[in-house]
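# What the coordinates show
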Amino acid sequence: MTPIRYAETDTLSLRQLDELNRVEKGTSFRAFKACRDALIEGVDYFHLPAQEHESLINELKSAGLVYATTVNLVLFTHSGYERIRRSAASRPAPSNDGSLT
């Protein structure tokens, strides 16, 4: 999987995380929301508001690297992805949903 280079860091989008883990759309976002307080913005993830990063977001949509419905972009560093995975692994998985493990 080709990472998205942002702020001199290799990152992955929510779409890429869902595809990497072979889970349905939204699974990685729900995992992110569940452990967001334990993550550090600028270290574990980057939040890119649409009004400031519209050009990049549109470019990534065209390349198929983010969901077409993306408004504000969240990109995860390796450390952020690992923290989300560990957090998801420590919670019981819903019976009808994938997990990030």
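Just above sits the structure.
Our subject in this report is the structure included herewith. None of these values were measured; they are calculated from a predicted model. In this convention, every chain numbers its residues from 1, walking through the sequence in written order. Local features in this predicted model are restricted to residues of pLDDT 70 or higher, and side-chain atom pairs are both shown and tallied only at a pLDDT of 80 or more, whereas totals for entire chains, interfaces and linings draw on every residue. Side-chain metrics in this entry use all non-hydrogen atoms of the structure; hydrogen atoms and water are not considered.

### Some points on helix 4 (residues 78–90)
Inclusion rule: Secondary structure is summarised from DSSP: a helix means a run of H or I of at least four residues, a strand means a run of E of at least two, and numbering begins at the N terminus for each. A helix's residues, less one, multiplied by 1.5 Å, set its expected span. We call a residue buried when its accessible area falls under 20% of the maximum for its residue type, exposed when it is over 50%, and partly exposed in between, using a 1.4 Å probe and counting protein chains only. It is the directions from the helix axis to the C-beta atoms whose arc is reported. Working rule for contacts: check all heavy atoms of both residues, and any pair within 4.5 Å makes them a contact.
If you check helix 4, its first and last C-alpha atoms are 19 Å apart, about what 13 residues at 1.5 Å a residue would give, namely 18 Å. For helix 4, the full list of buried residues reads Gly80, Tyr81, Ile84, Ser87 and Ala88. Seen from one end, helix 4 has its buried residues packed into an arc of 130°, which puts them on one side. With respect to the buried face of helix 4, the exposed residues turned more than 90 degrees away are His78, Arg86 and Ser90. Those residues of helix 4 hidden inside the fold are in contact with helix 1 (14–20), helix 2 (27–35) and strand 4 (73–76).

### Section: the pattern of salt bridges
Applicable threshold: By definition here, a salt bridge exists when the distance from a side-chain nitrogen of Lys or Arg to a carboxyl oxygen of Asp or Glu is within 4 Å.
Using the criterion set out here, one finds five salt bridges in the structure. Its salt-bridge partner being arginine 15, residue glutamate 19 comes within 3.0 Å of it at the nearest N-O pair. Taken together, the positions of glutamate 19 and arginine 15, both in helix 1 and four residues apart, correspond to about one turn of that helix. The partner of aspartate 44 in a salt bridge is arginine 83, and the shortest N-O contact between them spans 3.2 Å.

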